[in-house]
Amino acid sequence: PPRSVKAQTFDAVGAPGKGLTSARFADDVEYREEAQKGGAARSATSKLLVIGFADDIVSRAQFNGAVKFEERGGISASAAEAQYAPANGGALQLLSVDAGGRPRVTNAEIIVEPGQIDVTLQGSTMMAKDDVKTTLRPRKDSKLPGLLKEGEGANVNATTLEYQRAGGKAIYSGTAALCQRQTAIRGATGTLAQDKGSPVARGAPSPTPQPVAGQS
């Protein structure tokens, strides 16, 4: 799809017989990608952007410094660093670097704040790791475990997360804890499916309700 980049400074590198191989944009970077068939428009801002080309086609884009990435109608994301590959469904990897802040990805159903996250934009899947903190947004058609109140959001923390937007399916592992108000459900692993009528809270061991620390 057609793409455009705006920045204060620009440098490019090429090679004989290969054309343009890379381009570096710095200061007030604005990246835009028009919607392609079956997809949505995407945009990003950052302090620095390095684009790699293969046969004059964008093969990769590395954003650094206060990165914000958005897919219209899909996700909004921020991170200290992001690596984006337009091919393969639009692979987006968000990283935290030093004190640059943790990645954050949001859509209409969930907010994810991990140490690192890989997002496939086409199909809206996520693989997050390193102290994953999530917030499940309230949905009228969502189904939560019977001990929790439907129509309200909930927080889930775990070591890793596998998320599929289709069906609102989220698989947590590594001491997963689902919390809402004064109730917590804990287990070594857990699966949530928010779609209406879907069973939820699978996992091992069986979750046990516990009061949330610091609350009564």
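Predicted model, so just to flag it, every value in this text is computed and none were measured.

Participant: Lay out the overall build of the chain in plain terms, naming residues and giving numbers.
Facilitator: Each helix and strand in the chain was counted, giving zero helices and 15 strands. Here the chain, with 216 residues, has 40% of them falling under the buried criterion. Working note: accessible area of the chain is about 11400 Å², and carbon and sulfur atoms make up 49% of it.

Participant: Provide a residue-level description of the pairing of strand S14 (residues 183-193), including the pertinent values.
Facilitator: Put simply, side chains in a regular strand alternate between the two faces of the sheet. Sheet topology note: the strand S13 (residues 169-180)/S14 ladder contains 10 bridges and is antiparallel. Looking at S14, one finds that Ser-173 is bridged to Thr-189. Between S13 and the antiparallel strand that follows it, S14, lie two residues; Arg-181 among them carries a positive phi value of about 55°.

Participant: Summarise the side chain of Ser-46; cite the residues concerned and give the values.
Facilitator: Within the secondary structure, Ser-46 is located in strand S4 (residues 42-54). In terms of polar contacts, Ser-46 uses its side chain to reach the backbone carbonyl oxygen of Leu-48, at 3.0 Å.

Participant: Would you mind going over the packing of aromatic side chains in detail, with residue names and values included?
Facilitator: Using the criterion set out here, one finds four aromatic pairs in the structure. With a centroid separation of 5.7 Å and 85° between ring planes, the pair formed by Tyr-31 and Phe-63 is classed as edge-to-face. Of this pair, Tyr-31 sits in strand S3 (residues 19-33) while Phe-63 sits in strand S5 (residues 57-71), and the two are 32 residues apart along the sequence. An identical accessibility class is assigned to Tyr-31 and Phe-63; each is buried. Here the aromatic residues Tyr-31, Phe-63, Phe-69 and Tyr-84 are joined through ring pairs into a cluster of three or more.

Participant: Quick one: what's the story with the environment of Glu-33, residue by residue and with numbers?
Facilitator: Tracing the backbone shows Glu-33 in strand S3. In this structure Glu-33 comes out as buried when scored by relative accessible area, which is 3%. Considering only alpha carbons, one finds Glu-33 and Glu-71, 38 residues apart in sequence, at a separation of 9.4 Å. If sequence neighbours within four positions are ignored, Glu-33 has contacts with Pro-1, Pro-2, Arg-3, Ala-41, Arg-42, Tyr-84 and Pro-86. A distance of 2.7 Å separates polar atoms of two side chains, one belonging to Glu-33 and the other to Tyr-31. Of the polar contacts made by the side chain of Glu-33, one reaches the side chain of Tyr-84; its length is 3.0 Å.

Participant: I'd like a description of the confidence of the model for the chain, backed by residues and values.
Facilitator: In this model, the chain carries a mean pLDDT of 83, and residues with pLDDT of at least 70 account for 82%. In the model, residues 196-216 has pLDDT below 50 throughout and makes 48 contacts with residues more than four positions away in sequence or in other chains.

Participant: Explain the pattern of salt bridges to me, using residue names and the numbers behind them.
Facilitator: Applying the stated criterion across every chain yields a total of six salt bridges. A salt bridge links Glu-113 to Arg-104; its shortest N-O distance comes to 3.2 Å. On the basis of relative accessibility, which here comes to 29%, the residue Glu-113 falls in the partly exposed class. Classification of Arg-104 by relative accessible area gives partly exposed; the value is 33%. In this structure, Glu-109 and Arg-165 form a salt bridge, with 2.9 Å as the shortest nitrogen-oxygen distance. Here Glu-109, found in the loop between strand S8 (104-106) and strand S9 (110-113), pairs with Arg-165, found in the loop between strand S12 (154-164) and S13; they are 56 residues apart in sequence, far enough to count as distant.

Participant: Let's hear about unusual backbone geometry: which residues, and what values?
Facilitator: The residue Ser-124 is not glycine, and still its phi comes out positive at about 55°. Taking relative accessible area as the criterion, Ser-124 reaches 17% and is therefore assigned buried. At Thr-175, a residue that is not glycine, the phi angle is positive and equals roughly 55°. The residue Thr-175 is located in strand S13 in this model.

What counts as what
Residues numbered from 1 in each chain as written. Predicted model: local features only at pLDDT ≥ 70, side-chain atom pairs only at ≥ 80, totals over all residues. Heavy atoms only, no water. Helix = DSSP H or I, 4+ residues; strand = E, 2+ residues; numbered from the N terminus. Buried < 20%, exposed > 50% of the residue type's maximum accessible area, 1.4 Å probe, protein only. Areas by Shrake-Rupley, 256 points an atom, 1.4 Å probe, with all protein chains shown as cover. Pairing = 2+ DSSP bridges. Polar contact = N/O pair within 3.5 Å; in protein donor to acceptor, adjacent residues only side chain to side chain. Phe/Tyr/Trp six-rings, centres within 6.5 Å; stacked < 30°, edge-to-face > 60°. Contact = heavy atoms within 4.5 Å. pLDDT = per-residue confidence, 0-100. Salt bridge = Lys/Arg side-chain N within 4 Å of Asp/Glu carboxyl O.

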